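Residue-level structure breakdown
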Amino acid sequence: MDESKSDATPLSFDQHSDFIWTWKSNARGAKASLWLPYFSGAEKVPRSKKWKISYKGGNLELDLSHVDFVMLYGVSGVLSVEFLDALAQHKIPLMVHRRNMVRPYLFYPEPGTDDEDVLSQQIRIRSHQQKRVYIAKTLIRKRLQNFSPVFDVPVVYLDRLAKAKSLEAIRSIEAVQTKKFWERWFNELGVEGARRKEGMFKAALDSQSVFLSGVILRWVLMHKLSPCHGFMHTPTSYPSLVYDLMEPYRYLLEKSVAMAYQSFGSRDFEEKELIARSKVELKDLLDEVVYVPQTRQYVRRKNLLHGIVLALRAYLLDETVRFVIPTEGEKKGGRPPKVGFRLPGEVWQK
């Protein structure tokens, strides 16, 4: 979603904060992600490669070769099979989501062949209790560690997590510490009596989660993994793997919403303003350059979302003996871990 009209993009329509996400760092040559509010229909432009898409408030024409993800948000209109075929041809995932929709509807292209057959490895390891618990513990440990600086999980609970031998034990530890985290998070914002699962904060956090899930889904599909066969989240009726891989990076959602809330100061504001401002803050956070100790690279935070998929793939294919999650950190000496992958989009620092 680009709040500026100065960045050139390959899309032939004006920027609008409601429906377009691009990145300041690569807007001139990058594909864009579309968030279409109150979609009403799409039709092929005669004698052209473009599609005309209508939504509440206007319409736009675009070439799907310049798009990498589409989300329809809110009440939707007519979605033609012809348009779905066009999205499949360009390998573009489509998500349909509404505010109170627990499980977004997903359309994604058939992943194609994979000589290394990572899908079989994913299912095999998912059925291996010890390895499945190991992956779940690794994900949740990063989630808990990233509560800081809002809340530091006591070492004793991290030790209990390390010794956990079942998903139930992991979930129990996570639930207790997450409850404490939210109490501290709301206290630091100066909001009394608020809860994660209600009100404008729920709407803003859920909106951020939907966006981040779309980014991770894109990389999961690209690397031939099943989005519905997770390790921490058991059901296969929704993209559970996507939400597994989001766990270490949820701090970005929480930080962006907190920054958005604080930006309003003492003035009154509506829920939709908090959601819109949170999206801007999240985009800026994802575009910032950070150092990744695991690979000794400088990359933009958005590349961590690709990196965790690469990390899981490397572990599943036995290219590394550990599941090493790429995270931002300080530059230190010593020998780096053997990770079996490199992050894309390296930014060279002087």
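Owing to the predicted nature of the structure, the values given are computational and were not obtained by experimental measurement.

Quick notes on the overall build of the chain
Within the chain, the regular secondary structure consists of ten helices and ten strands. Per-residue burial for the chain yields a buried fraction of 51% across its 350 residues. A fraction of 62% describes how many contacts in the chain between residues 6 or more apart in sequence connect residues 24 or more apart. Entry remark: accessible area of the chain is about 17400 Å², with carbon and sulfur atoms responsible for 50%.

Digging into helix H9 (residues 271–287)
Across its 17 residues, H9 extends 25 Å between first and last C-alpha, which sits within 8% of the 24 Å expected from 1.5 Å per residue. Regarding H9, the residues found buried are Leu274, Ile275, Ser278, Lys279, Val280, Glu281, Leu282, Lys283, Leu285, Leu286 and Asp287.

Some thoughts on the nonpolar core
By size, the foremost hydrophobic cluster in this structure holds 51 residues, and its most contacted members are Leu245, Tyr249, Leu312 and Phe323. Every element with two or more residues in this core is listed here: strand S6 (67–73), helix H2 (118–126), helix H3 (129–145), helix H6 (199–222), helix H7 (240–246), helix H8 (250–263), H9 and helix H10 (302–316). Here this core gets ten residues from one element, more than from any other, and that element is H10. Core analysis: the second largest hydrophobic core is formed by 33 residues, Val133, Ile140, Ile173 and Leu205 among them.

Thoughts on H8
Its 14 residues give H8 an end-to-end C-alpha distance of 20 Å, which sits within 8% of 20 Å, the value for a rise of 1.5 Å per residue. Every buried residue of H8 is listed here: Arg250, Tyr251, Leu252, Leu253, Glu254, Ser256, Val257, Ala258 and Ala260. As for H8, its buried residues are in contact with H3, helix H5 (167–189), H6, H7 and H9. The positive-phi residue at the C-terminal boundary of H8 is Gly265, with phi of around 60°.

Observations concerning the pairing of strand S9 (residues 289–292)
The sheet contact formed by S9 and strand S10 (residues 297–300) spans four bridges and is antiparallel. When the bridges of S10 are listed, Val292 appears paired with Gln297.

Some words on the environment of Leu212
Looking at where Leu212 falls in the secondary structure, it is placed in helix H6. Looking at Leu212, the relative accessible area reads 0%, which means it is buried. Sequence separation of Leu212 and Arg250 is 38 residues, and the distance between their C-alpha atoms is 8.9 Å. Excluding anything up to four places from it in sequence, Leu212 contacts Met246, Tyr249, Leu253, Leu286 and Leu305.

Quick look at the sheet that holds strand S5 (residues 58–63)
Reading across the sheet, the three strands line up as S3-S4-S5 and stay open at both edges, with antiparallel pairing between neighbours. In this open sheet, the two edge strands, each paired with only one partner strand, are strand S3 (39–44) and S5. Across this sheet, the average inter-strand angle for adjacent strands is 20°, counted without regard to direction. Two elements, strand S4 (residues 50–55) and S5, share six bridges in a ladder whose sense is antiparallel. For Lys52, the partnering residue across the bridge sits in S5 and is Glu61. Along the sheet, helix H1 (residues 81–89) contacts S3 and S4; its crossing angle with S4, the most-contacted strand, is approximately 125°.

Basis of the calculations
- Residues numbered from 1 in each chain as written.
- Predicted model: local features only at pLDDT ≥ 70, side-chain atom pairs only at ≥ 80, totals over all residues.
- Heavy atoms only, no water.
- Helix = DSSP H or I, 4+ residues; strand = E, 2+ residues; numbered from the N terminus.
- Buried < 20%, exposed > 50% of the residue type's maximum accessible area, 1.4 Å probe, protein only.
- Contact = heavy atoms within 4.5 Å.
- Areas by Shrake-Rupley, 256 points an atom, 1.4 Å probe, with all protein chains shown as cover.
- Expected span 1.5 Å × (residues − 1).
- Core = buried A, V, L, I, M, F, W, Y, C linked by side-chain atoms within 4.5 Å.
- Pairing = 2+ DSSP bridges.
- Axes fitted to C-alpha atoms, helices over the stretch in contact; angles between N-to-C directions.

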